[in-house]
Amino acid sequence: MQLEVNITGKSFESAAGKRHDVLDNVTFTLNAGEVGVLFGPSGCGKSTLLRILAGLDGNYRGQVMCTPGMRLGMVFQEPRLLPWRTVEENVRLAAPDVDDGRLSALFEVLELSSHRNHFPGELSLGLARRVALARAFAIEPDFLILDEPLASLDNALAGRLRDQIATLVASRKMMTLLVTHDVDDAVRLGDRLFFLSPRPARILHVETIATPRATRGEPDINEIKRQLSQLDLANM
Amino acid sequence: MLRLLSFTLFIATWWIASLVIGDAKLPAPPAVLSVLVAEARSGALFINLGATLARVALAFTLAMALGSAIGYLMGRVSLANRLGDPWLILLLNLPALVVIVLAYIWAGLTEVAAIAAIAINKLPTAVVTLREGARALDPALDEMATAFALPRGRAFRHVILPQLAPYIAAAARSGLSLVWKIVLVAEYLGRPNGVGFEIGVAFQLFDIPLLLAYSLSFAGVVLVIETLMVQPFETRLTRWRLRAA
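Rules used throughout
- Residues numbered from 1 in each chain as written.
- Chains lettered and ligands numbered in written order.
- Predicted model: local features only at pLDDT ≥ 70, side-chain atom pairs only at ≥ 80, totals over all residues.
- Heavy atoms only, no water.
- Contact = heavy atoms within 4.5 Å.
- Buried area = accessible area lost by both parts, 1.4 Å probe.
- Salt bridge = Lys/Arg side-chain N within 4 Å of Asp/Glu carboxyl O.
- Polar contact = N/O pair within 3.5 Å; in protein donor to acceptor, adjacent residues only side chain to side chain.
- Helix = DSSP H or I, 4+ residues; strand = E, 2+ residues; numbered from the N terminus.
- Pairing = 2+ DSSP bridges.
- Axes fitted to C-alpha atoms, helices over the stretch in contact; angles between N-to-C directions.

1. A few points about the interface of chain B and chain A
Each side of the interface is counted separately: chain B has 19 residues, and chain A has 23 residues. Both sides together, the interface formed by chain B and chain A hides about 2000 Å², and carbon and sulfur atoms give 66% of it. Where chain B touches chain A, the interface holds two salt bridges. The partner of Arg51 of chain A in a salt bridge is Glu143 of chain B, and the shortest N-O contact between them spans 2.0 Å. At the junction of chain B and chain A, the tally comes to six residue pairs in polar contact (both at pLDDT 80 or more). Elements with a contribution of two residues or more to the side of chain B that touches chain A: α7 (139-147), α8 (152-190) and α11 (239-243) of chain B.

2. A short note on the sheet that holds strand β10 (residues 203-208) of chain A
All names here are of chain A. Spatially, the six strands line up as an open sheet ordered β6-β7-β8-β4-β9-β10, and their pairing is mixed. Each edge of the open sheet carries a strand with a single partner, namely β6 (72-75) and β10. Within the sheet, the average angular offset between the axes of one strand and its neighbour, ignoring direction, is 15 degrees. The pairing of strand β4 (residues 35-39) with strand β9 (residues 192-196) spans four bridges and is parallel. Its bridge partner being in β9, Leu38 is matched across the sheet by Phe194.

Written as structure tokens, this is what we have:
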């Protein structure tokens, strides 16, 4: 499994007829078992890029090549659950073939076991995010997209959820693409960090983290963060 | 309990009013009841109610099915909306009487003409309601369905239909009350049976007890259908809302 992204541009016309460039050159490849992190300022076009990669927007210049039959699991920024279906039904709807044992294990890891029969309206944002994660993992994806899965959660909750995501990502050899604003999350979860410029977005710098995720200790993480803080992104 | 009290109050008001106005114009409840029992014994009541109910069921189903499909299409496809909109406005504002009379002239005094005329009267309101529903569909959930590659049928059933459900219920509710009203006019003008026909006969003979007997039994049937079928259906559809905190 491999994802080859070779986008040369993306623009859209506003209601007033003015052309806005959202993406410039964005070129990278992602291999199975690898976690790529898109890191960039708000409004730089990350969500547009994700929508293109998810096949939701075909109107761009360039091409995105992936292995045919690739299964996509996506966690949107808002959970996007069906409010009229229970937690379990929401997951099973996306993943009709998931077996009971696997589903139970997934709910166990994400601490959702006691919420199976709740409706999304009864859940907090943190819980709803975890249901969205469960849904994306239940389909056993080949390509996983996580759009700011830790945004607007308090630190303790975000930390726990980050550990749960790390566990789940490590449990399957797939391509993962994570969008985040937080260097700490990027360094703890990612293998390769793509630094994006302000709009129209292009890749300014790619940082590959040599130490495997599993063996990355606190000193390693602090060292990587220190190095990253010395990058002069503004002048690239 | 409250319903029973409300019903008793209705009977009492009626009785007192009949005493004040006089039996000739407003017969007292027992007089109407005796006519009702006689009609029921001869079987005419049930034949007429049955004929009316069958027309309501057919016209309602036809108009709901067709109206929902057209409304959904017009809400989703802007070309369909631009093509259909003038027709919709025309139909919405066309008086029921015009449709019924024209239907009888063009298709004869037939069952098909009656049912088609009733359905055409109800159709535009269903179209308008469902068009609003289709316009209000959440694009974020559509994207979710696309990203997870949900097959079309599953997406329609689990993602689209539940969003349309309140609109379908609203169209059914308002449409049913419209059909109840129009069916009697259609029967009055051109059918040899049904509640509307009997009311027409009673009107010509100035037989007020017969008129009231049919009107009230019709109202009773409407009430029973509303409470036993429409309301439980609505409750079921909005189950997930009630439980939400």
